[in-house]
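So you can see what is in the structure, the chains are spelled out below.
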Amino acid sequence: MVQIDFYGGVDEIGGNKVRVSSDNDSFFFDFGKSFNKEGDYFSEFLQPRKLNGIMDLVEFGMLPKIKGIYREDYLRHSGIPHCPDPAVQGILISHAHIDHMGYLHHIRDDIPFYMTRESFLITRALETTGAPGFNNYTHYKTDFLLIEKKPTKKSPTTHKRASSRDTLKPRDIEIIEPYKDFALGDFTITPAPVDHSLPGSCAFLAQKDHDRIVYTGDFRFHGKREHETWKFVKEARKFSPDILITEGTRIDSTKNVLETDIQEKVTKLALSHGGLIIVNYPIRDLDRFYTFYHAAKASDRTLVVNTKQAFLLNEFYGMGYPCIDEVAVYVPRRSWGLRGGDSYVCMDGEWLCSRDLAEEYVQADYRGWEKDFISWDNNVTYHDLQERPQDYIFQCDIFEFKELIDIKPENAIYIKSKTEPFNEEMELDVRREMNWLDHFDIQVHTGYHASGHACGQEILDMIREIQPGSVYPIHTEHRELFEVLKEDGIRVLDPGKV
Ligand SMILES: [Zn+2]
Ligand SMILES: [Zn+2]
């Protein structure tokens with residue numbers, strides 16, 4: 001008999017952690033972070049502490065108390081016994097959104113992760129270009145480790161704290177292929193690609209003897225890869241599952257905005273406007289990137305992306321997306337702010353303009369991965385956007401608004417192409433965002449977002465088509481709207497309080 005336990009994603013959007021167990025084996029569908037739960041207790045300036053391992057998150061129920069899944073260094077550091085054998089055979093990642101994989105950092109290194117190549121590339125980009133923190137997603141760094149060193153007169157101890165260079169190693173990650181079955185203990189797993197708002201999303205069909213379970217992950221029917229979602233529905237119906245675990249983010253919505261609608265609207269706007277167009281869209285949504293890329297082309301402008309998006313495009317090189325040199329890459333000022341000119345540094349008692357300095361001095365402003373993206377022919381700085389605003393569509397997220405101080409835009413417009421705020425922190429961000437835009441007298445355009453999720457009727461029709469014995473609605477705040485399925489003889493199950 002197969003058992004299913006929900007440790008997140010119940011009556012909330014995201015934070016999915018679904019454990020499936022047989023008598024001998026066990027695995028998780030996703031291991032995501034719940035933004036709402038974390039936001040109830042933590043904020044940008046009130047973060048969980050690494051010094052307490054997993055316990056700051058366990059304290060408030062963000063990480064479930066389960067033996068045999070967490071990393072040994074964190075457990076032992078807190079004086080908690082470590083089980084020699086892992087309690088699950090693997091974690092299946094449906095896609096690389098944080099609410100589905102954001103807590104992988106805390107998982108022990110002998111539990112393999114299964115994900116598509118695209119999910120792997122996005123996850124690795126998140127790890128490389130994101131702020132440091134709990135982000136050992138594709139690599140694992142052992143913490144709280146003292147390693148041997150040579151004693152010296154000044155430092156007579158025999159050991160030193162290990163740095164990430166000493167202990168960093170790749171995690172055990174299996175790249176999965178569409179409809180290529182693989183075994184996970186007693187279970188046979190089939191990955192089924194679906195369309196969502198980032199590449200590489202997939203649903204899973206899991207079978208053990210007569211038990212058949214389908215997990216949708218996040219999906220939609222109105223994106224560029226809708227055919228994939230349709231194929232999944234067809235295969236899931238053939239699979240004839242007892243249980244369907246489905247997302248229901250937009251079960252209360254009735255209509256969809258399409259990427260093509262956005263592209264058309266943006267193109268029109270870009271053709272009729274003479275100044276800079278600033279856009280804010282989710283950088284991992286490469287469909288949205290495409291939308292703005294094409295709108296820029298159609299309006300004789302160049303799309304300017306940030307270095308994080310440039311990194312991602314480079315990762316996806318050769319996988320059917322525009323290449324990094326088909327866009328412009330914005331080089332922000334960092335450290336001393338020498339790129340772009342007009343800053344002064346003192347050398348041998350003389351103050352020199354950064355324009356006159358050797359490139360090496362300027363490049364010292366940049367560190368790590370970003371250094372690779374600041375010496376391309378297609379780099380632009382705030383000067384370029386200032387001098388020829390009508391030539392560009394400039395991607396700029398809230399955390400990059402500082403650039404506006406340098407650009408000093410005149411007659412600019414701002415296209416907000418993101419989801420509406422759904423928690424207090426996001427509402428605060430919006431207030432700040434509007435203050436900045438007001439300050440620079442930038443006109444705001446909203447309504448340029450296409451959701452990554454299917455609407456209510458599509459979700460219900462999909463479930464009726466698949467005809468499972470029972471359905472567990474998760475990743476939704478409106479579980480009650482699934483009750484209508486009872487009329488079709490489908491049982492609607494309660495995933496339970498977490
Ligand atoms: Zn999600
Ligand atoms: Zn998602």
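Residues numbered from 1 in each chain as written. Chains lettered and ligands numbered in written order. Predicted model: local features only at pLDDT ≥ 70, side-chain atom pairs only at ≥ 80, totals over all residues.

Engineer: How do you make sense of the overall build of the protein when you look at a structure like this?
Structural biologist: Counting its regular elements, the protein contains 15 helices and 26 strands. Relative to the globule expectation of 23 Å for 498 residues, the C-alpha radius of gyration of the protein, 25 Å, shows essentially globular dimensions. Once the C-alpha set of the protein is aligned to its principal axes, its extents read approximately 80 × 70 × 40 Å. In the protein, buried positions account for 42% of the 498 residues. Contacts in the protein between residues at least 24 apart in sequence constitute 67% of all its contacts with a sequence separation of at least 6. (Helix = DSSP H or I, 4+ residues; strand = E, 2+ residues; numbered from the N terminus. Rg over C-alpha atoms; globule rule 2.2 N^0.38 Å. Buried ≥ 20, exposed ≤ 12 C-beta atoms within 10 Å, placed from the backbone. Contact = placed C-beta atoms within 7 Å.)

Engineer: Teacher, can you tell me more about the sheet that holds strand β3 (residues 26–29) here?
Structural biologist: Sheet strands line up and pair through hydrogen bonds in the backbone, either parallel or antiparallel. One open sheet holds the 6 strands; their spatial order is β1-β2-β3-β4-β5-β10, and the pairing between them is mixed. Single-partner strands in this sheet number two, and they are β1 (3–6) and β10 (173–176). Shown here is a sheet whose adjacent strand axes are inclined to one another by a mean of 25°, direction ignored. Where β1 and strand β2 (residues 18–21) come together, 4 bridges link them in antiparallel fashion. Within β2, the residue paired with F6 across the bridge is V18. Against the sheet, helix α5 (residues 117–129) contacts β5 (113–116) and β10, and its axis sits at roughly 105° relative to β5. (Pairing = 2+ DSSP bridges. Axes fitted to C-alpha atoms, helices over the stretch in contact; angles between N-to-C directions.)

Engineer: Honestly, the packing of helix α8 (residues 259–272) against helix α9 (residues 286–298) in this entry has me stumped. Any pointers?
Structural biologist: Between two packed helices, what matters for the description is the angle formed by their axes and the separation of those axes. Contact geometry of α8 with α9 gives a least axis separation of 8 Å together with a crossing angle of 35°. Relative to α9, α8 is oriented so that their crossing is right-handed. Along the contact surface, α8 presents E259, I262, Q263, V266, T267 and A270, while α9 presents D287, T291, F292, H294, A295 and A298. Here the residues of the contact of α8 with α9 are counted per class, giving 6 nonpolar, 4 polar and 2 charged. (Left-handed = near helix turned anticlockwise from the far one by under 90°. Nonpolar A, V, L, I, M, F, W, Y, C, P; charged D, E, K, R; others polar.)

Engineer: Mind showing me how you'd approach the sheet that holds strand β15 (residues 243–247) here?
Structural biologist: Read across the open sheet, the 7 strands follow the order β11-β12-β13-β14-β15-β25-β26; overall the sheet is mixed. Each edge of the sheet is formed by a strand with only one pairing partner; in this case those strands are β11 (182–184) and β26 (491–492). Where β11 and strand β12 (residues 187–193) come together, 3 bridges link them in antiparallel fashion. Bridged to F182 within β12 is I189. Sheet contacts for helix α15 (residues 456–466): β14 (211–215), β15 and β25 (470–474); angle to β15, the most-contacted strand, approximately 165°.

Engineer: Whenever I open this one, the nonpolar core confuses me. Can you help?
Structural biologist: Among soluble globular proteins, nonpolar side chains are generally buried collectively. Formed by 120 residues in total, the largest nonpolar core has its most connected members in I91, F204, F292, V304, I393 and F394. Among the elements that line this core, the one with the most residues is α9, at 6 residues. Looking at which domains feed residues into this core, each of domain 1 (3–140 + 171–253 + 453–492) and domain 2 (259–331 + 374–445) supplies at least three. Setting aside chain neighbours within four positions, we find V304 in contact with V327, A328, Y330, V380, Y392, I393, F394 and Q395. (Core = buried A, V, L, I, M, F, W, Y, C linked by C-beta atoms within 7 Å. Domains from an automatic or database assignment.)

Engineer: Before we go on, may I ask you to explain the domain arrangement of the protein in this structure?
Structural biologist: Interface size, as often reported, equals the accessible area lost upon joining of the parts. Parsing the protein into structural domains produces domain 1 (3–140 + 171–253 + 453–492), domain 2 (259–331 + 374–445) and domain 3 (338–367). The distance between the C-alpha centroids of domain 2 and domain 3 comes to 28 Å.

Engineer: Is there a simple way to explain the pairing of β25 in this structure?
Structural biologist: In regular strands, side chains alternate between the two faces of the sheet. Summarising burial for β25: 4 of the 5 residues are buried, a large majority. Of the pairings in the sheet, the one linking β15 to β25 comprises 5 bridges and is parallel in character. The residue bridging I243 from the neighbouring strand is S470, located in β25. Bridging between β25 and β26 involves 2 bridges; their strand directions are parallel. Across the sheet, residue S470 finds its bridge partner in β26, namely R491.

Engineer: How should I be thinking about the environment of P389 in this particular structure?
Structural biologist: Mapped onto the secondary structure, P389 falls in the loop between α12 (382–387) and β22 (392–395). Residue P389 is classed as buried on the basis of its C-beta count, with 21 C-beta atoms lying within 10 Å. Separated by 20 residues in the primary sequence, P389 and P409 have C-alpha atoms spaced 8.1 Å apart. For P389, the residues in contact, after removing those within four places along its chain, are G275, L276, P409 and A412.

Engineer: Looking at this structure, how should I read α15?
Structural biologist: One turn of an α-helix holds 3.6 residues; hence residues three or four places apart share an orientation. Buried residues of α15: I459, L460, M462, I463 and I466, and no others. Across the axial projection of α15, the buried residues extend over an arc of 155°, all falling on one side. Away from its buried face, by an angle of more than 90 degrees, α15 presents the exposed residues Q457 and E465. Where the residues of α15 are buried, they touch β14, α7 (226–239), β15 and β25. Once α15 finishes, Q467 follows within two positions and takes phi at roughly 55°, a positive value. (Arc of directions from axis to C-beta.)

Engineer: Help me understand α5, please; the structure alone is not making it clear to me.
Structural biologist: Taking 1.5 Å of rise per residue, 13 residues should cover 18 Å, and α5 covers 18 Å from first to last C-alpha, within 8% of that figure. Of all the positions in α5, only E118, S119, F120, L121, I122, T123, A125, L126 and T129 are classed as buried. Turning to α5, the residues buried within the fold contact α4 (98–101), β5, β10 and α10 (307–315). (Expected span 1.5 Å × (residues − 1).)

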